[in-house]
Amino acid sequence: MNTVRLIVKELLGLFVDDGSLALAILALIAILAGLFLAGLMSPLLGGVLLALGCAAILVENVLRAAGRLVEPAAQALTVTR
């Protein structure tokens, strides 16, 4: 049973490696879908915003993973001379 659990965990890890990345993209999709369904946005604008939003989320995630993007709270605690 432990082997099956490990295999399932590894398979899920292939698709969802970073939970914050997946949640941010799902939130973007939900917001844009809501705007589209409410009639506040055209399909073309929705597609453009989806592409740009996903690219921005990916760049933020890569920078955070590389350690180049410092959290605001951690940045406030650093002392510079």
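Report on the accompanying structure. (Residues numbered from 1 in each chain as written. Predicted model: local features only at pLDDT ≥ 70, side-chain atom pairs only at ≥ 80, totals over all residues. Heavy atoms only, no water.)

1. Details of the overall build of the chain
If you tally the helices and strands in the chain, you get 4 helices and 0 strands. Listing each helix as α and each strand as β along the chain from the N terminus yields α-α-α-α. In the chain, buried positions account for 9% of the 81 residues. Counting only carbon and sulfur atoms, one obtains 73% of the accessible surface of the chain, whose full area is about 6700 Å². (Helix = DSSP H or I, 4+ residues; strand = E, 2+ residues; numbered from the N terminus. Buried < 20%, exposed > 50% of the residue type's maximum accessible area, 1.4 Å probe, protein only. Areas by Shrake-Rupley, 256 points an atom, 1.4 Å probe, with all protein chains shown as cover.)

2. What to know about helix α2 (residues 19–37)
Over its 19 residues, α2 runs 27 Å from end to end, which matches the ideal 27 Å to within 8%, given 1.5 Å per residue. After α2 finishes, the residue G39 shows a positive phi value of roughly 80°. (Expected span 1.5 Å × (residues − 1).)

3. A short note on the environment of I57
For I57, the position within the fold is in helix α3 (residues 43–66). Between the C-alpha atom of I57 and that of S20, which follows or precedes it by 37 residues, the distance is 9.7 Å. When near neighbours in sequence (up to four residues on either side) are disregarded, I57 contacts L21, A24, I25 and L28. (Contact = heavy atoms within 4.5 Å.)

4. With respect to a nonpolar patch on the surface
Taken together, M1, V4, V8 and L12 make up a surface patch of nonpolar side chains, about 440 Å² in accessible area. For V4, the position within the fold is in helix α1 (residues 2–15). (Patch = residues over 30% accessible without salt bridge, like charges linked within 9 Å, V, L, I, M, F, W, Y side chains within 5 Å. Salt bridge = Lys/Arg side-chain N within 4 Å of Asp/Glu carboxyl O.)

5. A few points about the packing of α2 against α3
At a minimum axis separation of 10 Å, α2 and α3 run at an interaxial angle of 165°. Here α2 lies roughly antiparallel to α3, going by the angle between them. The way α2 lies across α3 gives a crossing that is right-handed. Contacts between α2 and α3 involve S20, L21, A24, I25, L28, I29, L32 and F36 on the former and, on the latter, P43, G46, L49, L50, G53, C54, I57, L58, N61 and R64. Of the residues assigned to the contact of α2 with α3, the class counts are 13 nonpolar, 4 polar and 1 charged. (Axes fitted to C-alpha atoms, helices over the stretch in contact; angles between N-to-C directions. Parallel < 35°, antiparallel > 145°, perpendicular 65-115°, else oblique. Left-handed = near helix turned anticlockwise from the far one by under 90°. Nonpolar A, V, L, I, M, F, W, Y, C, P; charged D, E, K, R; others polar.)

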